[in-house]
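Structure assessment
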Amino acid sequence: MASTNQSPEFLSAQKKYMLCTNDRERVLALEEMISYAPKHKAGESMRANLRTRLKKLIEKQEKHSKKGRGKQGIQKEDLQAILIGLTNSGKSSILANLTNAKPKISSSLYTTLLPLVGTMFYQGLYIQIVDLPAINHESFDQSLANTTDLLLIVITNPRELEEIEKFLKHATDNRLIILNKSDQLSAEEKRKFQAHLQSKKYNFVIYSSLTQENEPILKEKLISCFNILRVYTKSPGQKQVDDRPVLLPPESTIEDLAKKIRIPSSSIKQSVGLNHVLKDKDIVEFKTE
Ligand SMILES: Nc1nc2c(ncn2[C@@H]2O[C@H](COP(=O)(O)OP(=O)(O)OP(=O)(O)O)[C@@H](O)[C@H]2O)c(=O)[nH]1
Ligand SMILES: [Mg+2]
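Below is a summary of the structure that appears in this document. Because the structure is predicted, anything quoted here is derived from the model rather than measured.

1. Considering the overall build of the chain
Of the regular secondary structure elements, the chain holds nine helices and nine strands. Along the longest, intermediate and shortest principal axes, the C-alpha atoms of the chain span 65 × 45 × 35 Å. Residues classed as buried in the chain amount to 45% of the 289 residues present. Looking at the chain alone, contacts between residues at least 24 apart form 59% of all its contacts between residues at least 6 apart. If you sum the accessible surface of the chain, you get close to 15,800 Å²; carbon and sulfur atoms cover 51% of it. Within the chain, the 34 negative side-chain charges are centred at a point lying 3 Å from the centre of the 44 positive side-chain charges.

2. Some remarks on the site of ligand 1
As a matter of local geometry, ligand 1 sits amid 23 residues, with K91, S93, T111, D183 and S209 nearest to it. The side chain of S93 places a nitrogen or oxygen atom 2.6 Å from an oxygen atom of ligand 1. Note that a nitrogen atom of ligand 1 is positioned 2.6 Å from one of the side-chain N or O atoms of S209. Judged by the fraction of its atoms near the pocket grid, ligand 1 is located in the second largest pocket. Of the residues assigned to the shell around ligand 1, the class counts are five nonpolar, 15 polar and three charged.

3. Focus on unusual backbone geometry
The phi torsion at K181 lies on the positive side, around 65°, for a residue other than glycine. By the secondary structure assignment, K181 is in the loop between β5 (175-179) and α7 (187-199). Among the residues examined, K181 registers a relative accessible area of 25% and is labelled partly exposed. The backbone of E251 sits at a positive phi, close to 70°, despite the residue not being glycine. With respect to the helices, strands and loops of the structure, E251 is situated in the loop between β8 (246-248) and α9 (254-260). By relative accessible area, which is 63% here, E251 ends up exposed.

4. Focus: the coordination of the magnesium ion (ligand 2)
Those protein atoms acting as donors to the magnesium ion (ligand 2) are S92 (OG) and T112 (OG1), and they sit at 2.0 to 2.1 Å. Highlighted residues: S92 in helix α4 (residues 91-98) and T112 in the loop between α4 and β2 (116-122), separated in sequence by 20 residues. Overall, the relative accessible area of 9% leaves S92 in the buried class. Given the relative accessible area of 16%, T112 is considered buried.

5. A look at the pairing of β2
When β2 meets strand β3 (residues 125-131), the two strands line up antiparallel, connected through seven bridges. Paired with G118 across the strands is I129, a residue of β3.

6. Quick notes on the nonpolar core
Of all hydrophobic cores here, the largest spans 25 residues; its most connected members are M120, I127, I129, L152, I178 and L222. Within the residue set of this core, elements represented by two or more residues are β1 (80-85), α4, β2, β3, β4 (150-155), β5 and α8 (215-224). Residues in contact with L222, not counting those within four places in the same chain, are L98, M120, I127, I129, L150, L152 and L176. If you look at the next biggest cluster of nonpolar residues, it comprises 24 residues, including I82, L144, L179 and L197.

7. Describing the sheet that holds strand β7 (residues 229-234)
One open sheet holds the three strands; their spatial order is β8-β7-β9, and the pairing between them is mixed. Edge positions in the sheet fall to β8 and β9 (283-285), since each has one partner strand and no second. Direction aside, the axes of adjacent strands within the sheet are offset by 35° on average. Where β7 meets β8, three bridges bridge the pair, whose relative direction is antiparallel. Of the residues in β8, the one forming a bridge with V231 is V246.

8. As for the sheet that holds β3
In space, the six strands of this open sheet follow the order β2-β3-β1-β4-β5-β6, with mixed pairing throughout. The open sheet has two free edges, formed respectively by β2 and β6 (204-206), since each of these has just one partner strand. Looking at each pair of strands side by side, their axes are set apart by 25° on average, direction ignored. Seen against the sheet, α7 touches β5 and β6 and runs at an angle of roughly 175° to β6.

9. What about α4?
With six of eight residues buried, α4 lies mostly within the body of the structure. Every buried residue belonging to α4 is among K91, S92, S93, I94, L95 and L98, and all of these are buried.

What counts and what doesn't
Residues numbered from 1 in each chain as written. Chains lettered and ligands numbered in written order. Predicted model: local features only at pLDDT ≥ 70, side-chain atom pairs only at ≥ 80, totals over all residues. Heavy atoms only, no water. Helix = DSSP H or I, 4+ residues; strand = E, 2+ residues; numbered from the N terminus. Buried < 20%, exposed > 50% of the residue type's maximum accessible area, 1.4 Å probe, protein only. Contact = heavy atoms within 4.5 Å. Areas by Shrake-Rupley, 256 points an atom, 1.4 Å probe, with all protein chains shown as cover. Lys, Arg positive; Asp, Glu negative; His and termini not counted. Charge placed at Lys NZ, Arg CZ, Asp CG, Glu CD. Near = heavy atom within 4 Å. Polar contact = N/O pair within 3.5 Å; in protein donor to acceptor, adjacent residues only side chain to side chain. 1 Å grid on protein atoms, 1.4 Å probe; cavity = no way out; pocket = protein on both sides within 12 Å on 5 of 7 lines; lining within 4 Å. Sits in = over half its atoms within 2 Å of the grid points. Nonpolar A, V, L, I, M, F, W, Y, C, P; charged D, E, K, R; others polar. Donors = N, O, S within 2.8 Å, 3.2 Å for Na, K, Ca; no water. Pairing = 2+ DSSP bridges. Core = buried A, V, L, I, M, F, W, Y, C linked by side-chain atoms within 4.5 Å. Axes fitted to C-alpha atoms, helices over the stretch in contact; angles between N-to-C directions.

Next comes the structure, spelled out in structure tokens:
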């Protein structure tokens, strides 16, 4: 592949491909690479190669979606959070605010009867968010709560937590409590609820899906629950820092990053050591000459 002259668009699509976190994104990036692959003779075998890779990926996805779907047909993405809580707490309203999904929202009880998936795109990351029927409704699927990466527990009063807990015996400890409908609370109630949640050392955010109060904080907290490092890179010859971060496990080093984006570490001119440990939101500029 290296011998054909590639356009900047192709190189940028190729880089996108390398940064993909799941097959759905890989399919899109590969399609982009194919469309920018050189049209001349030498590029033909490259395009054929890419098409084969794309075909395999699509086949894999189809197989996966037949086999891998849970009882209620949800194909789990790499970063997944589920919305749980009692009826009318505002789960569907939160899904509508954070993602592209268009759930039914209503003041009547038990409106949501089937899980609904939405995607939140934030700082270069795709997060799958699943809205579920109320936790005490018969159509609530416990297995989803037991396999997800993160629980978003939606309440309007800390008293609801006791009831919710009963259904979470085998669920992950990775939890973010969203105290919703803060617009309906007096200053005194807000202060009291906040003090209570703090005293229990819960990870929480006070939010209103109506006014969108604290939405940036909610998004930031949600992302930080996934315990991943987002590292923004600038590759040799590139003018700007990529807006899509590279995702790495905690404690990763410059060397791990170089491996992930396939820059040979022997070629890097170092201003920090290769074993320098990265922090979330670090910006790394690679220089190879
Ligand atoms: N004032 C206020 N109302 C809200 C807020 N969030 C949601 N609501 C209202 O509360 C009602 C229930 O909202 P939903 O999002 O449907 O609640 P849900 O948790 O999905 O409820 P079910 O699916 O029925 O279990 C609707 O009338 C919403 O408009 C909020 O932050 N403030
Ligand atoms: Mg709902």
